[in-house]
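Residues per chain are reported as follows:
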Amino acid sequence: MMPRYVMAHSPQLEDWHPEAQVLVEMSPDAFSRALGTAMEGFEHFKDKETVERLKSRMSEGLEIDPGYIDYDPFKNQVVRHEGRHRADAAKELGINMPVIVYFYDTRKDGQKHPVTSPYGDVYDYTRYVSREELGPERVQRILTKLNATPVTSQSTRRRSTPVSVSHSVHVSQYRRRR
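1. Quick look at the packing of helix α3 (residues 48-59) against helix α4 (residues 84-93)
Link 1 in the chain: Two numbers describe how α3 lies on α4: the axes approach to 8 Å, and their chain directions differ by 55 degrees. Here α4 runs oblique to α3, going by the angle between their axes. The interaxial crossing formed by α3 with α4 has right-handed handedness. Of α4, the residues touching α3 (which contributes Thr50, Val51, Glu52, Leu54, Lys55, Met58 and Ser59) are His85, Arg86, Asp88, Ala89, Ala90, Glu92 and Leu93.
Link 2 in the chain: Looking at the contact of α3 with α4 residue by residue, the classes come out as six nonpolar, three polar and five charged.

This is the structure in C-alpha cells:
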C-alpha cells in the first residue's frame, strides 16, 4: 500500500471560523518554509517517536488531523501553526499534506471583523478575517505565496460525511483555548 495522508474529519478545526479558512494541500517543504518566524525557538525540536508514529499511520492509510496555519493577511506572515511533525513524516514518505489556512488579524490596533449568521446578521466580532472580506484575488495571492493549492470549496466541505475517529488531543485542546 502506498503511503498517503488521509485527513480525519476534525470538527475542532473545520468548524472553527469556517468563513475565515481554506482547506489546501501543501508539500511538507512548502509548509515548513511558510512558517518563517513562527518557527523561532522550535528549529531543533523534533520528536522522532511522534514522526515515526505518524509515518506508520500514513503508511497504513489511517486518518490524521490536518495541519493548520494562522496567517495574518495584514502582516503577510504565519503567526501560529500546528503540524510540524506531520510535515516531517509526510516529507520522509514523499507525500503532500492537507492544511487548513485561517486568516487572522494580529495587529494590536486591528479592527474586529464581523461574524454573520447565514441570514447576513452580524452576531459577533472576531480577529479572524473572512475570505469575503479579503476578496478572492487576495486569498489566491496568499495561497500562491504559501505554495498551497485549494482542495475543495467550503460548501463542499460542509456537506462531507462526518467520520467517527479519535482526534488528536493536543490540536483539539489548543483550538478550544482560543
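There's more to say after this.
2. Describing the sheet that holds strand β5 (residues 77-82)
Two pairing modes exist for strands in a sheet, parallel and antiparallel, and in both the strands are linked by backbone hydrogen bonds.
Link 1 in the chain: Taken together, the five strands give an open sheet; going across it, the order is β5-β4-β6-β2-β9, and neighbouring strands pair in mixed fashion. The sheet is open, and its two edges are formed by β5 and β9 (149-150), each paired on a single side.
Link 2 in the chain: The pairing of strand β2 (residues 21-26) with β9 spans two bridges and is antiparallel. Bridging from a neighbouring strand, Val24 pairs with Pro150 of β9.
Link 3 in the chain: Here α4 sits on the sheet and contacts β4 (67-72), β5 and β6 (97-103); the angle it forms with β5, its principal contact strand, is near 80 degrees.

3. A closer look at the packing of helix α2 (residues 28-35) against α4
Link 1 in the chain: The geometry of α2 relative to α4 is characterised by a closest axis approach of 8 Å and an angle of 145 degrees between their N-to-C directions. The handedness of the crossing between α2 and α4 is left-handed. Residue-level inspection shows Pro28, Asp29, Phe31, Ser32 and Leu35 of α2 in contact with α4, the latter providing Arg84, Ala87, Ala90 and Lys91.
Link 2 in the chain: Broken down by class, the residue content of the contact of α2 with α4 amounts to five nonpolar, one polar and three charged.

4. Regarding the nonpolar core
Link 1 in the chain: Residues Met26, Ile69, Phe103 and Leu146 are the most contacted members of the largest nonpolar core, which totals 30 residues.
Link 2 in the chain: Setting aside anything within four residues of it in sequence, one finds Phe103 in contact with Ala20, Val22, Tyr71, Pro73, Arg127, Tyr128, Val129, Arg131, Leu134, Val139 and Ile142.
Link 3 in the chain: Counting residues in each nonpolar core, the second largest holds nine residues, with Trp16, Ala20, Ile100 and Tyr102 among its members.

5. Some details on the packing of aromatic side chains
Link 1 in the chain: Taken as a whole and judged by the stated rule, the model has four aromatic pairs.
Link 2 in the chain: Relative to Tyr102, the ring of Tyr68 has its centre 5.9 Å away and its plane inclined at 80 degrees; by these criteria the two rings are edge-to-face. Residue Tyr68 is located in strand β4, and its partner Tyr102 is located in strand β6; the two are separated by 34 residues in the primary sequence.
Link 3 in the chain: Looking at Tyr68, the relative accessible area reads 0%, which means it is buried.
Link 4 in the chain: A residue is classified by how much of its surface remains accessible, and Tyr102, at 0% relative accessible area, is buried.
Link 5 in the chain: Put simply, the rings of Trp16, Tyr68, Tyr102, Tyr104 and Tyr128 pair up and form one aromatic cluster.
Link 6 in the chain: Over the ring of Tyr104 we find Arg80; its NZ or CZ atom is 4.4 Å from the centre of that ring.

6. Some words on the environment of Val78
Link 1 in the chain: By the secondary structure assignment, Val78 is in strand β5.
Link 2 in the chain: On the basis of relative accessible area, Val78 is assigned to the buried category, the value being 3%.
Link 3 in the chain: The spacing of Val78 and Phe103 is 25 residues in sequence and 9.3 Å in space, taken between C-alpha atoms.

The rules behind these values
Residues numbered from 1 in each chain as written. Predicted model: local features only at pLDDT ≥ 70, side-chain atom pairs only at ≥ 80, totals over all residues. Heavy atoms only, no water. Axes fitted to C-alpha atoms, helices over the stretch in contact; angles between N-to-C directions. Helix = DSSP H or I, 4+ residues; strand = E, 2+ residues; numbered from the N terminus. Parallel < 35°, antiparallel > 145°, perpendicular 65-115°, else oblique. Left-handed = near helix turned anticlockwise from the far one by under 90°. Contact = heavy atoms within 4.5 Å. Nonpolar A, V, L, I, M, F, W, Y, C, P; charged D, E, K, R; others polar. Pairing = 2+ DSSP bridges. Core = buried A, V, L, I, M, F, W, Y, C linked by side-chain atoms within 4.5 Å. Buried < 20%, exposed > 50% of the residue type's maximum accessible area, 1.4 Å probe, protein only. Phe/Tyr/Trp six-rings, centres within 6.5 Å; stacked < 30°, edge-to-face > 60°. Lys NZ or Arg CZ within 6 Å of the ring centre and 35° of its normal.

Read these as spatial facts, not as claims about activity.
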